[in-house]
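# Breakdown of the fold
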Amino acid sequence: GFQLAVHSNGDREIAMLLDAFETLQREAPRPDPRHRIEHASVMNPELLRRSRKLGVVLVFMAYLWEHGDKMAQYGETRFPWLSPDRAALRAGVALADHSDYPISTAFGLNALHGMTTRMSEEGKVYGAEQKIEAVDALRISALGGAYASFEEERKGSLEVGKLADLVVLSRDPSQVPPEQLRDLRVEMTFIGGERVYLAP
């Protein structure tokens, strides 16, 4: 009866994992399982289709800035299928993101930068066709993260009755060039509606 969260990289391995999820649902069905694939690094259209059909949440890595140079080993034909946010959104797949801390920093603005620019610190862009808008990146991070952990009724958006865990940024992320998202300043942080950080 558990929700499964499985670390999986590579399209062949992800296909095997989806086979396992299909078998689980057939032999021990559970409503709205929301099994998760952490990283889901290399996808393809068929894997996205199957993920949507099974209700799987893909938790893509959003650390291209810090680790983009490691992506070169996959080869250019696969760059568009490394954490393919745009294709997954178009396919209707449930998405969340993660920093993979401590492999990379737990700095949320790096994730927004990665999803909107697909650019590494070295200036190389990996799969430009998978860039998404800042609003969609925020939705994946906030609402997507809450949905992935069955907490969408408690957090993920600013609504009456929710936890009010939030940050106030120096500028509206949807109004700055994507390349500048990493440079936004966190002015305030609130947890449960209480201010716990105020920038000096």
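Notes on the structure in this doc start here. Computed from a prediction, not measured in an experiment: that's the story for all the values here.

### Overview of the overall build of the protein
Looking only at helices and strands, the protein features six helices and seven strands. Reading the protein from its N terminus to its C terminus gives the helix and strand order β-α-β-α-β-α-α-β-α-α-β-β-β. For 200 residues, the compact-globule formula gives about 16 Å, and the C-alpha radius of gyration of the protein, at 17 Å, lands near that figure. Along the longest, intermediate and shortest principal axes, the C-alpha atoms of the protein span 55 × 45 × 30 Å. Looking at the protein residue by residue over its 200 residues, the buried ones come to 40%. Across the protein, the fraction of contacts at a sequence separation of at least 24, relative to all contacts at a separation of at least 6, is 62%. Working note: accessible area of the protein is about 10700 Å², and carbon and sulfur atoms make up 54% of it.

### With respect to the layout of surface pockets
Of the pockets and cavities examined, the largest pocket occupies roughly 1100 Å³. S141, A142, D165, L166 and V167 are, among the 36 residues lining the largest pocket, the residues nearest its centre. Where the lining of the largest pocket is concerned, the elements lending two or more residues are β4 (94-98), α5 (108-117), α6 (134-148) and β5 (166-169). The greatest single-element share of the lining of the largest pocket, amounting to seven residues, is contributed by α6.

### Observations regarding the environment of G68
Take G68: it is sitting in the loop between α3 (64-67) and α4 (85-91). In this structure G68 comes out as buried when scored by relative accessible area, which is 0%. The spatial distance from the C-alpha of G68 to the C-alpha of E121 is 7.4 Å, given a sequence separation of 53 residues. The residues touching G68, leaving out its near neighbours within four places in the chain, are Y63, S120 and Y126.

What counts, and at which threshold
Residues numbered from 1 in each chain as written. Predicted model: local features only at pLDDT ≥ 70, side-chain atom pairs only at ≥ 80, totals over all residues. Heavy atoms only, no water. Helix = DSSP H or I, 4+ residues; strand = E, 2+ residues; numbered from the N terminus. Rg over C-alpha atoms; globule rule 2.2 N^0.38 Å. Buried < 20%, exposed > 50% of the residue type's maximum accessible area, 1.4 Å probe, protein only. Contact = heavy atoms within 4.5 Å. Areas by Shrake-Rupley, 256 points an atom, 1.4 Å probe, with all protein chains shown as cover. 1 Å grid on protein atoms, 1.4 Å probe; cavity = no way out; pocket = protein on both sides within 12 Å on 5 of 7 lines; lining within 4 Å. Points joined across faces, edges and corners; volume = space filled by probe spheres on them.

That's the geometry; what it means functionally is another story.
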